[in-house]
Amino acid sequence: MAKKVDDQGRGRSQAVHRALKRAILDQALSPGSKLPEDSIGERLGVSRTLVREALVRLSEEGLVDLRPNKGATVARPTLEEGRNLFLTRMALERLVVETLAGKLTKEQIDTLAAHIAAEDAEKEHATSIRLAGEFHTMLAQMTNNASLIRYVNELVARSSLILALYGRPHSSDCAVSEHQELLDSLIAGKAEDASKLMAHHLDSITTRALLPREDDRNIKDVLTAYAAAEGLA
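Just so we're clear, the structure is a prediction, and the values are computed from it rather than from any experiment. What you see as residue numbers is a count from 1 along each chain, following the sequence as written. With pLDDT at 70 or above as the cut-off, local features in this predicted model cover only qualifying residues; side-chain atom pairs require 80 or more to be listed or tallied, and sums for whole chains, interfaces and linings still use all residues. Each side-chain value is worked out from all heavy atoms of the structure, with water and hydrogens disregarded.

1. Considering the pattern of salt bridges
A pair is scored as a salt bridge if a Lys or Arg side-chain nitrogen falls within 4 Å of a carboxyl oxygen belonging to Asp or Glu. The full count for this structure, using the stated rule, is 11 salt bridges. The salt bridge involving Arg18 is made with Glu230; its shortest N-O contact spans 2.9 Å. Separated by 212 residues along the polypeptide, Arg18 in helix 1 (residues 2-25) and Glu230 in the segment after helix 10 (219-229) bring together distant segments of the chain. Owing to a relative accessible area of 25%, Glu230 belongs among the partly exposed residues under this scheme. Two residues, Glu93 and Arg89, come together in a salt bridge whose shortest N-O distance is 2.4 Å. Remark: Arg89 and Glu93 occur in helix 4 (residues 79-100); sequence separation between them is four residues, near one turn of the helix. Each member of the pair, Glu93 together with Arg89, is buried. The structure contains a network of salt bridges with shared partners spanning Lys21, Arg57 and Glu61. We count a stretch as a helix when DSSP gives it H or I for four or more residues in a row; a strand needs E for two or more, and each element gets its number in order from the N terminus. Working definition: with a 1.4 Å probe on protein chains only, accessible area under 20% of the residue-type maximum means buried, over 50% means exposed, and in between means partly exposed.

If you want it as structure tokens, here you go:
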């Protein structure tokens, strides 16, 4: 019985983490937004302890800032931090495509093609950013390199904050076409072409910059849909 209770507790803790992370990656919770434990716990129907655990985990992933006596906020990286992040990401993702070129299985190709089709069909800007990021984490996952997977996942998640703050609205068709070109190069085994395409793709993102946007939405209202999606109150 104790093990079942522990499993349920871990499951709810993971659900809280997923709900908050998804809200951040979807830009429903903007960079700099306050994350009060009591309001989040009330909205998600969980204890402040579970909320705190999720916030600590998100801080380790670079998505939340935790400051003593000041509470938690969605991380608000500087533009310089963003440039450094994309430089690091560029190096790692070039390694990803060099690893995968000419080695994708039919199942992997079909999975990536289906994801690109989903990106193409998506019209919501924030969701399109999340889907675009997932394309990159899927590529990393396919390398079966645990270290590469971990670091790319973290950098892609952090990138969503950079784009929320500084990302200039852009055509989703552009991102989708670039992903398709990458996939075509990988299928053809053209490692050098794929590497150059990835570098160009990420470089184009770093050149987009806008001033931050203000956001005064209520966190309980923002989290309603995410609570429902995770089966929370």
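Additional details are given in the paragraphs that follow.
2. Re the pairing of strand 2 (residues 71-74)
Of the two faces of strand 2, the one lined by Ala72 and Val74 is fully buried and the one lined by Gly71 and Thr73 carries no buried residue. Two strands pair when backbone bridges link them, and strand 1 (residues 64-67) and strand 2 are joined in this way by four bridges, in the antiparallel orientation. When the bridges of strand 2 are listed, Leu66 appears paired with Ala72. Where strand 1 hands over to strand 2, the hairpin turn is made up of three residues, of which Asn69 adopts a positive phi near 65°. Any two strands with at least two DSSP bridges between them are considered paired.

3. Notes on the nonpolar core
Working definition of a nonpolar core: buried Ala, Val, Leu, Ile, Met, Phe, Trp, Tyr and Cys residues. They are joined through side-chain atoms within 4.5 Å. In terms of nonpolar packing, the biggest core is built from 33 residues, with Val96, Leu100, Leu104, Leu112, Leu139 and Leu186 touching the most fellow members. For this core, the secondary structure elements donating two or more residues are helix 4, helix 5 (106-121), helix 6 (125-141), helix 7 (146-166), helix 8 (172-188) and helix 9 (191-206). In what follows, a contact means two residues having at least one pair of non-hydrogen atoms within 4.5 Å. Residues contacting Leu139, with those up to four places away along its chain left out, are Val96, Leu100, Leu112, Leu186 and Met198. Listed in part, the 31 residues of the second largest apolar core include Ala15, Leu29, Leu44 and Leu50.

4. Quick word on the layout of surface pockets
Put simply, the grid is 1 Å and covers the protein atoms alone, a cavity is a trapped set of points that fit a 1.4 Å probe, a pocket is an open set with protein on both sides within 12 Å along at least five of seven lines, and lining residues have an atom within 4 Å of a point. Grid points are joined across faces, edges and corners, and a volume is the space filled by probe spheres set on the points. Considered as a void within the structure, the largest pocket measures approximately 680 Å³ in volume. What lines the largest pocket is a set of 36 residues, and nearest its centre among them are Leu25, Arg130, Gly133, Glu134 and Val156. At the level of elements, helix 1, helix 6, helix 7, helix 8, helix 9 and helix 10 are the ones that each hand at least two residues to the lining of the largest pocket. At eight residues, helix 6 tops the list of elements feeding residues into the lining of the largest pocket. Just so you know the grouping, Ala, Val, Leu, Ile, Met, Phe, Trp, Tyr, Cys and Pro go in nonpolar, Asp, Glu, Lys and Arg go in charged, and all remaining residues, Gly too, go in polar. Taken together, the residues of the lining of the largest pocket break down into 12 nonpolar, 12 polar and 12 charged.

5. Remarks on unusual backbone geometry
Despite not being glycine, Asn69 shows a phi value in the positive range, around 65°. Mapped onto the secondary structure, Asn69 falls in the loop between strand 1 and strand 2. If you check the backbone angles, Asn144 has positive phi at about 60° while not being a glycine. By the element assignment, Asn144 lies in the loop between helix 6 and helix 7.

6. Here we look at the side chain of His179
Along the chain, the position of His179 falls in helix 8. Leaving out residues up to four positions away in the same chain, His179 has contacts with Ile116, Glu119, Ala132, Phe135, His136 and His201.

7. Here we look at the environment of Ala140
Examined against the element boundaries, Ala140 turns out to sit in helix 6. In the structure, Ala140 is positioned 47 residues away from Glu93 in sequence and 7.6 Å away in space, judged by C-alpha atoms. What Ala140 contacts, discounting residues up to four positions off in sequence, is Val96, Leu148, Ile149 and Val152.

8. A few points about the environment of Lys34
In this structure, Lys34 sits in the loop between helix 1 and helix 2 (37-44). Classification of Lys34 by relative accessible area gives exposed; the value is 67%. Those residues in contact with Lys34, other than ones at most four positions away along the chain, are Ala72, Thr73 and Ile219.

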